[in-house]
Each structure stands twice: as structure tokens, then as C-alpha cells.
Amino acid sequence: EDQVTQSPEALRLQEGESSSLNCSYTVSGLRGLFWYRQDPGKGPEFLFTLYSAGEEKEKERLKATLTKKESFLHITAPKPEDSATYLCAVQAYSGGSNYKLTFGKGTLLTVNP
Amino acid sequence: KAGVTQTPRYLIKTRGQQVTLSCSPISGHRSVSWYQQTPGQGLQFLFEYFSETQRNKGNFPGRFSGRQFSNSRSEMNVSTLELGDSALYLCASSYGDYSRLGEQYFGPGTRLTVT
């Protein structure tokens, strides 16, 4: 069974204190890994797609990287507005011509001013 | 471009009743996926519709069903509601090609409370 594990469950940072969130996965036939941000009371917002090991994507203070077993979301000099739950999801082959998306449970990031 | 809209935003139902939730995707998107989100289980995939056909299905009982109309709008129905069905129900739309399956755009969700 496909598994996606995110760590830590919660992370509290001071403004400007860089850190990383982890997403490890066990799937067969990985087609892509996706990062989302979710603010309280809202639906997830798509951030990045990573397709192959070694790939990196950047957006403002966020950089996502991918290896064969895990992905990291690096947050550089975070600001309070970066506070949110960050979700990762993996797309994997599920038989026939179908693929499925499996989400991790997320990391709740709080950035204090 | 207008985002994904879901109606209603909040709903309170009694055990045993049924409920229908609605989702309007982003214009041009042909795929609509439904998810259940709870604090304990996180985001769990219910099903995906593409061009009016159910293309993928998660591991939920048959009480959960859906459909998609020719304009790509989708509805989700839950029959014989149970207390455990209380959750945030999210729909997400995308163009539908498998190469970008995870590039989904979510609506704000419908908060369902079953009493």
C-alpha cells in the first residue's frame, strides 16, 4: 500500500529562522510529487510539482527538492505569512490505465514575528 | 479566471439523512476530484470524474457516490449519514491529463456536521 509520511507534524519557527519539512514516501511507480499549502478554513493551494530525483523547484522563500525516497520543502528566512499547513502528495500507478493521488497528513508551520 | 466553487459551505444533518454537495470547477477543467478531510485521517480521496465518467475511486463505502454533468460541474451524495461522516469535503479540479494529475485547484470546501 502506498504510504506518504510527513515530518514533523508541527514546527514552530521564529521569523527569519530557516528550516526544512520532510515528506517520505513508499509507492510503486511514482509519477510525481506535489506540494500544497493550506490555510485554516480554506482548501489546499497548489505549490510545486516534482517528477524525478534531483529535481528542484523554487517559489519566493520556498524550495522543494526530490530524492528517490523523500522530498524536502526548504523555507528560507520565513515570515509570519508563511504560517500554514504544508501537504505533500504522490501520484502513483494504481493499475490498468489509472493513477491515484495519496496525501500525507501535513506539517503545521507556525512562524512567530 | 474564477476559482472552484462549492455549495453549500456549511451543512448540519442528522444521522440517517442524506446530503448532496455541489462543485463547479474552473472553466476549461474537465476533471473533478472529491476528498474528505478530517483531523485524524487527513485528506482522503473519494473519487474522480472526468468527462462525466468516474475514472478513479478511493476506499469509501457505497454510501458515497457522485456524478458529473456535461458542463463538468459535479455533485457528491452521501446517503444514510453516520456521525463519522462529519468532515470537510473538498473538491478539486484540473485539466485531467495524467501527466499533471496532482496539479489540482481546490475549492473552499463544505463543512458537514452530522448530529
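That block above? That's the structure.
## Description of the pattern of salt bridges
Thinking step 1. Evaluation of the coordinates by the stated rule reveals 9 salt bridges over all chains.
Thinking step 2. Taken together, the shared-partner salt bridges in this structure form one network comprising Arg63(B), Glu82(B) and Asp85(B).

## Things to note about the nonpolar core
Residue and element names in this part refer to chain A.
Thinking step 1. Among the nonpolar cores identified, the biggest contains 24 residues, and Leu 33, Trp 35, Leu 73 and Tyr 86 are the most heavily contacted of them.
Thinking step 2. Looking at this core, the elements that each hand over two or more residues are β2 (10–14), β3 (19–26), β4 (30–38), β5 (45–50), β7 (62–66), β8 (70–75), β9 (84–95) and β11 (107–112).
Thinking step 3. Ranked by residue count, the leading element in this core is β9, at 5 residues.
Thinking step 4. Contacts of Leu 73, omitting those with residues within four sequence positions, involve Ser 19, Ser 20, Leu 21, Trp 35, Phe 48, Leu 62, Lys 63, Ala 64 and Tyr 86.

## With respect to the interface of chain B and chain A
Interfaces are often sized by the accessible area lost when the parts come together.
Thinking step 1. If you look at the interface, chain B gives 22 residues, while chain A gives 21 residues.
Thinking step 2. Together, the buried faces of chain B and chain A total about 1,600 Å²; carbon and sulfur atoms form 52% of this surface.
Thinking step 3. For chain B, the biggest contributors to the area lost against chain A are Leu43(B), Tyr98(B) and Gly102(B); these three give 29% of the whole.
Thinking step 4. Our count for the contact surface shared by chain B and chain A stands at 4 residue pairs in polar contact (both at pLDDT 80 or more).
Thinking step 5. Contributions of two or more residues to the side of chain B that touches chain A are made by β4 (31–38), β5 (42–50), β6 (53–57), β9 (87–94) and β10 (105–106) of chain B.
Thinking step 6. Looking at side-chain class alone, the side of chain B that touches chain A contains 10 nonpolar, 8 polar and 4 charged residues.

## What about the sheet that holds strand β7 (residues 64–68) of chain B?
All names here are of chain B.
Thinking step 1. Pairing in this open sheet of 4 strands is antiparallel, and the strands run β1-β3-β8-β7 from one edge to the other. Both edges of this open sheet fall to β1 (5–7) and β7, since each of them pairs with a single strand only. Within this sheet the neighbouring strands show an average axis-to-axis angle of 20°, counted without direction.
Thinking step 2. Note: β7 against strand β8 (residues 74–78), 5 bridges, orientation antiparallel. Residue Ser 65 lies in a different strand from β8, and its bridge partner there is Asn 77.

What counts as what
Residues numbered from 1 in each chain as written. Chains lettered and ligands numbered in written order. Predicted model: local features only at pLDDT ≥ 70, side-chain atom pairs only at ≥ 80, totals over all residues. Heavy atoms only, no water. Salt bridge = Lys/Arg side-chain N within 4 Å of Asp/Glu carboxyl O. Core = buried A, V, L, I, M, F, W, Y, C linked by side-chain atoms within 4.5 Å. Buried < 20%, exposed > 50% of the residue type's maximum accessible area, 1.4 Å probe, protein only. Helix = DSSP H or I, 4+ residues; strand = E, 2+ residues; numbered from the N terminus. Contact = heavy atoms within 4.5 Å. Buried area = accessible area lost by both parts, 1.4 Å probe. Polar contact = N/O pair within 3.5 Å; in protein donor to acceptor, adjacent residues only side chain to side chain. Nonpolar A, V, L, I, M, F, W, Y, C, P; charged D, E, K, R; others polar. Pairing = 2+ DSSP bridges. Axes fitted to C-alpha atoms, helices over the stretch in contact; angles between N-to-C directions.

Without other data, these values stay purely geometric and don't point to any function.
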